[in-house]
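Read off the chains here:
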Amino acid sequence: MAEQVIVVGHKNPDNDAISAAVGLAFFENELAKRQGRDVEYKAVRLGGLPPETEWNLAENGIDQPELIDHVEAGQKVILVDHNELKQAVDGLADAEVVGIVDHHRIGDVTTASPIYMTVRPWGSSATVVTALCRQHGIEIPEGIANMLLGAILTDTVILKSPTATKVDEEQIAFLEGITGKKHVEFGQALFNCRGAEADLPIETYVGADAKEFEVCGKTVLIAQHETVDIDGAMKREGEAREQMRKLAADKGYDFVLVLVTDILNEGSYFLVEGNHAVVDQVFGIDSSAAVWIDGIMSRKKQVAAPLLKA
Ligand SMILES: [Mn+2]
């Protein structure tokens, strides 16, 4: 039986974490075939499917990656869309990381042996996967192209995020050529999958895209809720704060920050529960109530990065 390598995105997976894993598993399998290596690369996920991912997979007849909650000791693993232990699959310390494909800062994952590592400061991991396929002359089938295109569009908020680069634009144009899709329309269709604000479970509102970080020696949670209906989203501020306080109490977070990002008007409300002194200092705000900041679209670049420097 072929050796199996698991391809996995981060905990609380977003569309990019799952779609880029699907795309990378395709790429690695094609490369292995070409090189005559008997290895099977298998995309898996560490949490529920975002609605747009579920829709895009179904539209393209691609199986949902298997849900796992840990890896066995010695399991070979490729990390996608993350390289920090806090965000990685349980059991990773005793597994073997053989590759990393990412677009985040370099975190704390260490390895015993040299590995394949492709990290680029581009808008999505799917952008990096698309570039890998093209570099190696691997033809991307329409279904995989739709998954990669979708992930670039959600991660870059249809190219509106300051994390979006020229390379993302180029890869979008390339993938449009395969899929025949117009990226703005397709992007809106993906965001529309997320449904009405009023119907969203509050755990999803606060937790779907939450990531833990270490800020000033303390563990904090930073989440982002992107919406095309900012009024509908802010109507749920009270419920969201209650859920944030619950998370802070359960997990001992120093603070929980939820960015409620208005995709259409390009800015975010900052909701903070817990010790908001650091957030206030870094952004020059008083976050004892919701504060709107124009132009904040990227958790990674505009929020996590300055907080990690604090
Ligand atoms: Mn990503």
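For the structure itself, look to the data block above.
Scope of this entry: the structure provided in the associated data block. (Residues numbered from 1 in each chain as written. Predicted model: local features only at pLDDT ≥ 70, side-chain atom pairs only at ≥ 80, totals over all residues. Heavy atoms only, no water.)

Along the chain, Lys211 falls in strand E7 (residues 211-215). As a buried residue without a salt bridge, Lys211 has its nearest oppositely charged side chain in Asp81, at a separation of 5.1 Å. Excluding residues that lie within four positions of it along the chain, Lys211 makes contacts with His10, Gln87, His104, Val220, Leu221, Ile222 and Arg299. (Helix = DSSP H or I, 4+ residues; strand = E, 2+ residues; numbered from the N terminus. Buried < 20%, exposed > 50% of the residue type's maximum accessible area, 1.4 Å probe, protein only. Lys, Arg positive; Asp, Glu negative; His and termini not counted. Salt bridge = Lys/Arg side-chain N within 4 Å of Asp/Glu carboxyl O. Contact = heavy atoms within 4.5 Å.)

Now for the pattern of salt bridges. Scanning the model with the defined rule gives 14 salt bridges in all. Put simply, Asp90 and Lys11 hold a salt bridge, and the shortest N to O gap is 2.8 Å. In this pair, Asp90 is assigned in the loop between strand E4 (76-80) and strand E5 (96-102) and Lys11 in the loop between strand E1 (3-8) and helix H1 (15-35), connecting sequence segments 79 residues apart. Residue Asp90 is classed as partly exposed on the basis of its relative accessible area, which comes to 41%. For Lys11, a relative accessible area of 30% puts it in the partly exposed group. Between Lys166 and Glu169 there is a salt bridge; the shortest N-O distance is 3.4 Å. One end of the pair is Lys166 and the other is Glu169, both in helix H5 (residues 166-179) and 3 residues apart, which spans about a single turn. The class of Lys166 is exposed, set by a relative accessible area of 56%.

What follows covers the nonpolar core. Core analysis: the largest hydrophobic core is formed by 43 residues, its most contacted members being Val7, Leu24 and Tyr41. Elements represented by at least two residues in this core include exactly E1, H1, strand E2 (39-45), E4, helix H3 (125-135), helix H4 (142-155), H5 and helix H6 (183-192). In terms of residue count, the dominant contributor to this core is H1 (9 residues). Those residues in contact with Tyr41 that sit more than four places away from it in its chain are Val5, Val7, Ala25, Glu28, Asn29, Ala32 and Ile78. (Core = buried A, V, L, I, M, F, W, Y, C linked by side-chain atoms within 4.5 Å.)

A separate point is H4. Its 14 residues place the ends of H4 20 Å apart at the C-alpha level, agreeing with the 20 Å of an ideal helix rising 1.5 Å per residue. For H4, a buried count of 13 out of 14 residues is recorded, marking the element as mostly surrounded by other parts of the structure. Backbone geometry just after H4 places Val157 at a positive phi near 50 degrees. (Expected span 1.5 Å × (residues − 1).)

Time to look at the packing of H4 against H6. Direction vectors running N to C along H4 and H6 enclose 80 degrees, while the axes themselves pass 9 Å from each other. For the element pair H4 / H6, the angle class is roughly perpendicular. Residues Asn146, Leu149, Gly150, Leu153 and Thr154 of H4 pack against His183, Phe186, Gly187, Leu190 and Phe191 of H6. Classifying every residue of the contact of H4 with H6 by side-chain character gives 5 nonpolar, 5 polar and no charged. (Axes fitted to C-alpha atoms, helices over the stretch in contact; angles between N-to-C directions. Parallel < 35°, antiparallel > 145°, perpendicular 65-115°, else oblique. Nonpolar A, V, L, I, M, F, W, Y, C, P; charged D, E, K, R; others polar.)

Moving on, we come to the pairing of strand E9 (residues 255-262). Within a regular beta strand, the side chains point alternately toward one face of the sheet and then the other, so they alternate between its two faces. In terms of burial, E9 is a largely internal element, 8 of the 8 residues being buried. Of the two faces of E9, both are covered, the one formed by Phe255, Leu257, Leu259 and Thr261 as well as the one formed by Val256, Val258, Val260 and Asp262. Of the pairings in the sheet, the one linking strand E8 (residues 218-227) to E9 comprises 7 bridges and is parallel in character. When the sheet's bridge partners are listed, Leu221 is paired in E9 with Val256. Pairing between E9 and strand E10 (residues 267-274): 8 bridges, direction antiparallel. (Pairing = 2+ DSSP bridges.)

Spatially, E7-E8-E9-E10-E11 is the arrangement adopted by the 5 strands of the open sheet, whose pairing is mixed. Both outer strands of the open sheet, E7 and strand E11 (291-294), are each paired with one neighbouring strand and no more. Strand-to-strand, the axes of this sheet are offset by a mean angle of 30 degrees, without reference to chain direction. With 4 bridges joining them, E10 and E11 adopt antiparallel strand pairing. What sits directly across from Tyr269, in E11, is Trp292. Packed onto the sheet, helix H11 (residues 299-309) meets E7, E8, E9 and E10 and runs at close to 30 degrees relative to E7.

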